[in-house]
Amino acid sequence: TVSSSVTSSVVSSDESGDDENNVMALEETVGSTPNKAKIASIIEELPKSRYELRRHAIPARFRGRKDHAGVKGAYKIFVNCSISEVLCTTTAESIAMRNWVIIPFHPSNDFFTRFPSALMYRSKSEFVKMLQFALNNDPPLLSDALSRELTWTAATERLIQAATVTKRQARRNE
């Protein structure tokens, strides 16, 4: 898949978390693009702790609610960097809308590894590589089987399977 080929090419990247190495990886990834300096400055300016985040908020504005059906086709990349918020539904919706999703490797995101438009990362430099890849490529079409995985029917079937208790397990729990 696109995701696994991109991921396998970046897994060997430096994952030390060192900002200097991340900026160097960014420079290698972005190369001579016009936004190179802007992207580098954004990475440099990211808060290093929750304390810094509270003192110097990320310059972003929430523009209110939007029906996701109304923005279909307007965007092609959904970024979910969180490993503490439960945003699986929005990630699934973005995949179903044929967007790239850029998400961290984390147990809460294991379900999405099967989708070719899920670009997963382990470090800041991998994130930048995934973002650059998504900016330069169109998301692939989903097969019918993968599209079905995103339906409520398939989700209900997974829930029933996960909640099923065999007679043996029931006797053991008595």
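Residues numbered from 1 in each chain as written. Predicted model: local features only at pLDDT ≥ 70, side-chain atom pairs only at ≥ 80, totals over all residues. Heavy atoms only, no water.

Caption draft 1: Quick look at the overall build of the protein chain. If you tally the helices and strands in the protein chain, you get nine helices and three strands. When the helices and strands of the protein chain are listed from N to C terminus, the series reads α-α-α-α-β-α-β-β-α-α-α-α. Classification of the 174 residues of the protein chain by burial places 27% in the buried group. If you take every contact in the protein chain between residues at least 6 apart in sequence, the share linking residues at least 24 apart comes to 55%. Here the protein chain displays about 12,100 Å² of accessible surface, and carbon together with sulfur accounts for 54% of that area. (Helix = DSSP H or I, 4+ residues; strand = E, 2+ residues; numbered from the N terminus. Buried < 20%, exposed > 50% of the residue type's maximum accessible area, 1.4 Å probe, protein only. Contact = heavy atoms within 4.5 Å. Areas by Shrake-Rupley, 256 points an atom, 1.4 Å probe, with all protein chains shown as cover.)

Caption draft 2: Expanded view of the nonpolar core. Core analysis: the largest hydrophobic core is formed by 11 residues, namely A92, I95, V101, I103, F111, F112, F115, A118, M120, L142 and L146. Those elements that provide at least two residues to this core are α5 (88–96), β2 (100–104) and β3 (118–121). The next biggest cluster of nonpolar side chains, apart from the first, holds eight residues, and it includes I102, L119, V128 and A134. (Core = buried A, V, L, I, M, F, W, Y, C linked by side-chain atoms within 4.5 Å.)

Caption draft 3: Focus on helix α8 (residues 152–163). Helix length check: α8 (12 residues) gives 16 Å between terminal C-alpha atoms against 16 Å at 1.5 Å per residue, within 8%. When you tally the buried positions in α8, you get one out of 12 residues, a small fraction of the element. (Expected span 1.5 Å × (residues − 1).)

Caption draft 4: The layout of surface pockets, seen in detail. Here the second largest pocket is characterised by a volume of approximately 940 Å³. Contributing to the lining of the second largest pocket are 19 residues, with K66, V71, Y75, I77 and F78 lying nearest its centre. At the level of elements, β1 (77–79) and α5 are the ones that each hand at least two residues to the lining of the second largest pocket. By residue class, the composition of the lining of the second largest pocket is seven nonpolar, six polar and six charged. (1 Å grid on protein atoms, 1.4 Å probe; cavity = no way out; pocket = protein on both sides within 12 Å on 5 of 7 lines; lining within 4 Å. Points joined across faces, edges and corners; volume = space filled by probe spheres on them. Nonpolar A, V, L, I, M, F, W, Y, C, P; charged D, E, K, R; others polar.)

Caption draft 5: Main features of the sheet that holds β3. With respect to topology, three strands assemble into an open sheet ordered β1-β2-β3, the strand pairing being parallel. This sheet does not close on itself; its edge strands, each paired only once, are β1 and β3. For this sheet, the mean angle separating the axes of adjacent strands, direction not counted, is 20°. Across three bridges, the pairing between β1 and β2 is parallel. Following the sheet pairing, V79 is matched in β2 by I102. Along the sheet face, α5 touches β1, β2 and β3 and points at about 150° away from the line of β2. The strands that helix α6 (residues 124–136) touches are β1, β2 and β3; relative to β3, the one it contacts most, it runs at about 160°. (Pairing = 2+ DSSP bridges. Axes fitted to C-alpha atoms, helices over the stretch in contact; angles between N-to-C directions.)

Caption draft 6: The arrangement of the pattern of salt bridges in detail. Applying the stated criterion across every chain, the model contains four salt bridges. Between D138 and K76 there is a salt bridge, with the nearest N and O atoms lying 3.8 Å from each other. One end of the pair, D138, is in the loop between α6 and α7 (144–149); the other, K76, is in the loop between α4 (50–55) and β1, with 62 residues separating them in the sequence. Linking E149 and R158 is a salt bridge whose minimum nitrogen-to-oxygen distance equals 3.2 Å. Residue E149 is classed as partly exposed on the basis of its relative accessible area of 21%. Overall, R158 belongs to the partly exposed group, its relative accessible area being 32%. (Salt bridge = Lys/Arg side-chain N within 4 Å of Asp/Glu carboxyl O.)

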